[in-house]
Amino acid sequence: MKETAIDRPHKKRNYKPAIIMITILVNGLVVILSGLPGYENFTAFDVTILPMMNAIFNSFTFLFLVAALAAILKRNITVHRRFIYAAFVTTTLFLVTYVTYHFLSPSTPYGGTGFMAGLYYFILITHIILAAVIVPLALTAVARAWNLENERHRKIARWTMPIWLYVSLTGVVVYLMISPYY
């Protein structure tokens with residue numbers, strides 16, 4: 001009989017300090033950058049390409065998460081895991097381009113008015129709040145999976161997946177709504 005990873009003894013690791021440090025670092029960096037005026041006279045390349053890259057990375061994250069959800073609903077853990085890792089990669093690439101853009105460029109104000117402005121700011125504010133929340137949720141979910149705490153992983157993943165899907169999708173929507181004003 002073939003032994004599986006679940007059958008073997010597994011030493012659990014304490015990922016909580018790393019999760020806390022990464023959450024503080026990522027969210028702290030975003031907060032700090034939101035208060036900076038941007039780098040003046042940066043001419044090495046057109047920084048307005050970075051928000052489009054952000055939207056592309058968010059699009060891939062969304063698609064990878066949908067594929068991961070479909071895989072786990074079919075009980076294909078290996079495929080699920082691979083798509084979750086892919087979502088982490090594209091989210092990390094998003095973060096790099098986001099931080100770079102906000103370091104090099106001042107914030108772009110939304111130019112719309114009326115209902116569209118209200119809708120834009122609703123989407124933007126919920127996106128920002130949930131983007132901060134998703135950092136520790138996603139890291140905790142993956143840490144629980146690594147520790148083979150399957151029931152605890154499922155409990156947090158039930159919250160993490162829809163929030164992460166919302167954040168990645170609304171990141172694209174925010175870009176589409178503000179892109180005419182870059």
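Quick note: structure is the one above.
What counts, and where the lines are drawn
- Residues numbered from 1 in each chain as written.
- Predicted model: local features only at pLDDT ≥ 70, side-chain atom pairs only at ≥ 80, totals over all residues.
- Heavy atoms only, no water.
- Helix = DSSP H or I, 4+ residues; strand = E, 2+ residues; numbered from the N terminus.
- Buried < 20%, exposed > 50% of the residue type's maximum accessible area, 1.4 Å probe, protein only.
- Contact = heavy atoms within 4.5 Å.
- Areas by Shrake-Rupley, 256 points an atom, 1.4 Å probe, with all protein chains shown as cover.
- Lys, Arg positive; Asp, Glu negative; His and termini not counted.
- Charge placed at Lys NZ, Arg CZ, Asp CG, Glu CD.
- Salt bridge = Lys/Arg side-chain N within 4 Å of Asp/Glu carboxyl O.
- Core = buried A, V, L, I, M, F, W, Y, C linked by side-chain atoms within 4.5 Å.
- Phe/Tyr/Trp six-rings, centres within 6.5 Å; stacked < 30°, edge-to-face > 60°.

A. Local environment of the overall build of the chain. Of regular secondary structure, the chain possesses five helices and zero strands. Moving toward the C terminus, one meets the helices and strands of the chain in the order α-α-α-α-α. The dimensions of the chain, computed from C-alpha atoms along their principal axes, are 65 × 30 × 25 Å. Considering the chain as a whole, with its 182 residues, one finds that 36% of them fall into the buried category. Partitioning the contacts of the chain with sequence separation of at least 6, the portion at a separation of at least 24 is 81%. When the accessible surface of the chain is totalled, it reaches about 11,600 Å², and 70% of it is carbon and sulfur. Treating the 15 positive side-chain charges of the chain as one cloud and the 6 negative ones as another, the clouds have centres 11 Å apart.

B. Geometry of the pattern of salt bridges. Across all of its chains, the model carries three salt bridges by this definition. A salt bridge links R152 to E149; the shortest N-O distance between them is 3.2 Å. Put simply, K12, E149 and R152 are held in one network by salt bridges that share partners.

C. Geometry of the environment of I22. Secondary-structure assignment places I22 in helix α1 (residues 16-34). Accessibility expressed as a relative area gives 37% for I22, which makes it partly exposed. Between the C-alpha atom of I22 and that of V47, which follows or precedes it by 25 residues, the distance is 26 Å.

D. Structural context of the nonpolar core. In terms of nonpolar packing, the biggest core is built from 14 residues, with L65, I84, I134, L137, M161, I163 and W164 touching the most fellow members. Mapped by element, the contributors of at least two residues to this core are α2 (49-73), α3 (77-104), α4 (114-146) and α5 (150-178). Of the residues forming this core, the biggest block, six residues, is contributed by α5. In this view, I134 contacts T160, I163 and W164; residues no more than four positions away in its chain are not counted. Grouped together as the second largest cluster of nonpolar side chains are eight residues, Y110, I123, L124 and V174 included.

E. View of the packing of aromatic side chains. Taken as a whole and judged by the stated rule, the model has ten aromatic pairs. Centroid distance F88 to W164: 5.1 Å. Interplanar angle 70°. Geometry classified as edge-to-face. Remark: W164 occurs in helix α5 and F88 occurs in helix α3; sequence separation between them is 76 residues. Here W164 falls in the buried class, since its relative accessible area comes to 7%. When the ring of Y120 is compared with that of Y121, the centres are 5.0 Å apart and the planes differ by 80°; the resulting orientation is edge-to-face. The class for Y120 is buried, based on a relative accessible area of 5%. Look at Y121 and you get partly exposed, because its relative accessible area is 38%. Three or more aromatic residues joined by ring pairs make a cluster, and in this case those are Y110, Y120, Y121 and Y181.

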